[in-house]
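One letter stands for each residue in the lines below.
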Amino acid sequence: QVQLVESGGGLVQPGGSLRLACAASKSIFSVYVMGWYRQAPGKQRELVASITSSGNTVYGDSVKGRFSISTDNAKNTVYLQMNSLKPEDTAVYYCNAKPIGTMRSPYEYWGQGTQVTVSS
């Protein structure tokens, strides 16, 4: 079982920046796709960004060019750098670990979520 602990959320003004961190309880990046999702009130949870162990990344259309996902394997931590934040980015952000296909596992892991509020 994997534990994911998120941190870094908070209140920022539009145009500001914030860096989220997700610390995993053990080394998993080689066999999991790591991702950040977010969910705003009344909306479905959506993919923000994901990254594979090889460094391949995927970004949601609404955050392309503004957000960047990265990992520090030595620290078992994945980051989400958020720049040029907009009020529409306000949501609870969740860290996610999804097994790669070769693991033949259906289980995903989720962090507890961290609130990001973008407001003037």
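Everything here concerns the structure above.
In this convention, every chain numbers its residues from 1, walking through the sequence in written order. Owing to the predicted nature of the model, reporting of local features is limited to residues with pLDDT of at least 70; listing and counting of side-chain atom pairs is limited to 80 or more, with chain, interface and lining totals taken over all residues. Computation of side-chain values: all heavy atoms of the structure, hydrogens and water removed.

Brief notes about the overall build of the chain
- Only DSSP runs of H or I reaching four residues or more are called helices, and only runs of E reaching two or more are called strands; each is numbered from the N terminus. Within the chain one finds zero helices and 11 strands.
- When the helices and strands of the chain are listed from N to C terminus, the series reads β-β-β-β-β-β-β-β-β-β-β.
- For the radius of gyration, the atom set is restricted to C-alpha positions; the globular benchmark scales as 2.2 Å times the number of residues to the power 0.38. Computed over C-alpha atoms, the radius of gyration of the chain comes to 14 Å, within 12% of the 14 Å expected from 2.2 N^0.38 for 120 residues, which places it in the range of a compact globule.
- Counting only C-alpha atoms and orienting by the principal axes, one finds that the chain spans roughly 45 × 30 × 25 Å.
- Exposed residues in this analysis have more than 50% of their type's maximum accessible area, buried residues have under 20%, and partly exposed residues fall in between, with area computed by a 1.4 Å probe over protein chains only. By the burial criterion, 40% of the 120 residues in the chain qualify as buried.
- Contacts are assigned to residue pairs that have any heavy atoms within 4.5 Å of one another. In the chain, once contacts between residues fewer than 6 apart in sequence are set aside, the share between residues at least 24 apart is 57%.
- For the chain, the accessible surface area stands at approximately 6,400 Å², while carbon and sulfur atoms represent 48% of it.
- One finds the centroid of the 11 positive side-chain charges in the chain at a distance of 4 Å from the centroid of its 7 negative side-chain charges. For the area figures, the Shrake-Rupley method with a 1.4 Å probe applies, and any residue is considered shielded solely by the protein chains shown. Within this scheme the basic residues Lys and Arg register as positive and the acidic residues Asp and Glu register as negative, but His and the chain ends are omitted. Where a charge sits is defined by one atom per residue type, namely NZ (Lys), CZ (Arg), CG (Asp) or CD (Glu).

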